[in-house]
Each structure stands twice: as C-alpha cells, then as structure tokens.
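A look at the structure
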Amino acid sequence: SGGSGATKGFTRSLNVGPSTGFGSTLYIGGLIQRTSDTSFSLSINTTNGTDTRSFSMAIAGDGITTFAGTGATTTASDSSLWTAGAAQYFILKLEDSVADGGASTTEGDRISLYINPDLSNEAGNIPAMVFEGLNASFFVTGNPAWTLGELNISSGLTAAGQSVVFDEFAIGTTWNDLLSVPEPSVPMLAAGFLLTVCCRRNRRAATFA
C-alpha cells in the first residue's frame, strides 16, 4: 500500500493460475462504503508475463461511475450509482467475447455491474451498468500463458473526516461462489480508511492469503 495526503492505494498480485481454469465468465465482488465527495477505483489486469490487458471501475465523488478497458471505449454512467454513507455490495460479471455475438474469440468482452443484487437469484437481477465493445479485449481466458495479474485499488478524499472502505473482495467462476457474503458490520466499516479483506477459500473461488 502507499500514497500520501488525500490519496491512498493498494496493489496485490492475484496469482490465481492459468486462465484455462477460468471458463468464459468471472464474477468479482466487493463491499464499498464511502462518505460524500470521495472517490474509489478498482482495476485488474491480465498478463502473460510480458503483455498486459486491463479493465477498471472508477467512482467519482458524485457517484458517477466510469469503466475503461483494453480495446473498449471508456464509458460513464448517466447518473450516480452509489449512495454515500451506505455499505453497498457489488458484483462485476466478466464475459468473454459476447458483445460481438461470438464473431471473435478474442474480442467483444463485457462487464455487467450489479449493486446490492439478490445473491440467491442471478437471473432476477438487472445490471446497474453494462460496459462492452466489439473490439474489447480486456478479459483473456482459456489461454494457459495468461492469468490474472494485479489488483489495484485506490481512494481519494477531499476533506477531514471522510473515509473510503473496501471489504469482502472475492473472485469466483460462478455467481454462487459469491453467496457467502456476511452482513455489513457498521463498526468495522466505520473503523478503517482503506481496508482490504480477502475472501475465504471454497471449491471455485480464488483465495488470497
């Protein structure tokens, strides 16, 4: 972790093995609680040790959310997607080569953002935002030379007394891998400035020690 003043950041190597174990879909979840006028960003890259491709989600102080990714046009939400002061659980659903109808096996990637979804029923949820592109190539899967590289998170404050908390980070290959999300603990969420807690191991979810 590092940074100074109003900006803090954290970087962690994911080291989850070759992308042949991912399948065509990945689910990434986490809990965010941020006070008004604070920012938060999360980015993950895929790498073969030499080349990298990446995607990112950035939340501005007003809650406007911006997605960026290799090969795709950066896209921002039309309105705020987040409630200041509330602990909100999100899921990013990454799908490989679907935006182009499967015309390419390396492009057409998609990210669907769900906020406070019904974890018991994936199909019953409507994404708060969808990010995709015909040439999007940020999600590499099915290639033994590639894997998930680094997780990067950062926060920005504008005044004393503000906070940004990130907790319950998890990656899984199915929606059900993210079912075991505990109820947000208000004392815990209020205690830290930027907190990262890694997910518990299950049969499919990636675990970071």
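This text follows the structure it describes.
Please read all numbers here as calculations on a predicted model, not as lab measurements. (Residues numbered from 1 in each chain as written. Predicted model: local features only at pLDDT ≥ 70, side-chain atom pairs only at ≥ 80, totals over all residues. Heavy atoms only, no water.)

**Structural notes on the overall build of the chain**
We count it as follows: Segments assigned H or I by DSSP are reported as helices when at least four residues long, segments assigned E as strands when at least two residues long, and all are numbered from the N terminus. Remark: exposure states derive from per-residue accessible area (1.4 Å probe, protein chains only) relative to the maximum for the residue type, with buried under 20%, exposed over 50%, and partly exposed in between. Contact definition: two residues touch when any of their heavy atoms are within 4.5 Å. For every accessible area listed, the method is Shrake-Rupley and the probe measures 1.4 Å; residues are considered covered only by the protein chains on display.
Regarding its fold elements, the chain presents 1 helix and 12 strands. Within the chain, the fraction of its 209 residues that count as buried is 44%. Contacts spanning at least 24 positions in sequence make up 71% of the contacts within the chain whose residues lie at least 6 apart. Accessible area for the chain stands at about 9,500 Å²; split by element, carbon and sulfur atoms hold 49% of it.

**Things to note about the side chain of Asp 100**
Inclusion rule: Note on charges: Lys and Arg go in the positive column, Asp and Glu in the negative column, and His and the chain ends are not counted at all. In what follows, salt bridge is the name for a side-chain nitrogen of Lys or Arg lying within 4 Å of a carboxyl oxygen of Asp or Glu.
Mapped onto the secondary structure, Asp 100 falls in the loop between strand S8 (88–95) and strand S9 (110–115). Although Asp 100 lies buried, it forms no salt bridge, and the closest oppositely charged side chain, Arg 110, sits 8.1 Å away as judged by the N-O distance. Once you skip the residues sitting within four places of it in the chain, Asp 100 turns out to touch Glu 107, Gly 108 and Leu 134.

**Here's the deal with the packing of aromatic side chains**
The criterion, for reference: Think of it this way: a Phe, Tyr or Trp ring, Trp meaning its six-membered ring, pairs with another when their centres are within 6.5 Å, and the plane angle makes it stacked under 30 degrees, edge-to-face over 60, tilted otherwise. When the NZ atom of lysine or the CZ atom of arginine is within 6 Å of a ring's centre and also within 35 degrees of its normal, the charge is said to sit over that ring.
If you walk through the whole model with that rule in mind, you get 9 aromatic pairs. A cation sits over an aromatic face here: Arg 53 above Trp 146, 5.3 Å from the ring centre.

**Digging into the pattern of salt bridges**
Pairs can form between side chains of opposite charge once their charged atoms are near each other. What the rule picks out here adds up to 3 salt bridges. Of the charged contacts, one joins Glu 95 and Arg 110 as a salt bridge, the two residues approaching to 3.8 Å between their closest N and O atoms. Pair noted here: Glu 95 is in strand S8 and Arg 110 is in strand S9, with a separation of 15 residues, a long-range link. A relative accessible area of 15% places Glu 95 in the buried class. Note that Arg 110 is salt-bridged to Glu 132, the shortest N-O span being 2.5 Å. Of this pair, Arg 110 sits in strand S9 while Glu 132 sits in strand S10 (residues 129–132), and the two are 22 residues apart along the sequence.

**Some remarks on the side chain of Gln 88**
Structurally, Gln 88 is set in strand S8. On the basis of relative accessibility, which here comes to 7%, the residue Gln 88 falls in the buried class. Beyond its immediate chain neighbours, meaning those up to four positions away, Gln 88 contacts Gly 30, Leu 31, Ile 32, Leu 81, Trp 82, Thr 83, Ile 115 and Asn 116.

**Examining the sheet that holds strand S12 (residues 164–172)**
For the record, the criterion: Between any two strands, pairing holds if DSSP finds at least two bridges. Each axis is a line fitted through C-alpha atoms, and for a helix only the stretch in contact is used; angles between axes span 0 to 180 degrees, taken between their N-to-C directions.
Taken together, 5 strands build an open sheet; the order of strands is S10-S9-S8-S3-S12 and the sheet is antiparallel. Looking along the sheet, the strands with just one partner apiece sit at the ends: S10 and S12. Strand-to-strand, the axes of this sheet are offset by a mean angle of 20 degrees, without reference to chain direction. Sheet topology note: the strand S3 (residues 25–34)/S8 ladder contains 8 bridges and is antiparallel. Pairing of Ile 28 across the sheet is with Leu 92, part of S8.

**As for the nonpolar core**
Put simply, the rule is: Among buried residues, those of type Ala, Val, Leu, Ile, Met, Phe, Trp, Tyr and Cys that are joined through side-chain atoms within 4.5 Å constitute a nonpolar core.
Leu 42, Ile 44, Met 57, Trp 82, Phe 90, Leu 92 and Leu 113 are the most contacted members of the largest nonpolar core, which has 34 residues in total. Looking at this core, the elements that each hand over two or more residues are S3, strand S4 (39–47), strand S5 (52–59), S8, S9, S10, strand S11 (147–156) and S12. Top contributing element to this core by residue count: S12, with 4 residues. Discounting chain neighbours no more than four positions away, the residues touching Phe 90 are Ile 28, Gly 29, Gly 30, Leu 31, Ile 32, Leu 42, Met 57, Trp 82, Leu 113, Tyr 114, Ile 115 and Phe 166.

**A few points about the pairing of S9**
In terms of residue burial, S9 counts as a mostly covered element, since 5 of its 6 residues are buried. When S9 meets S10, the two strands line up antiparallel, connected through 4 bridges. Counted as the bridge partner of Ser 112 is Val 130 from S10.

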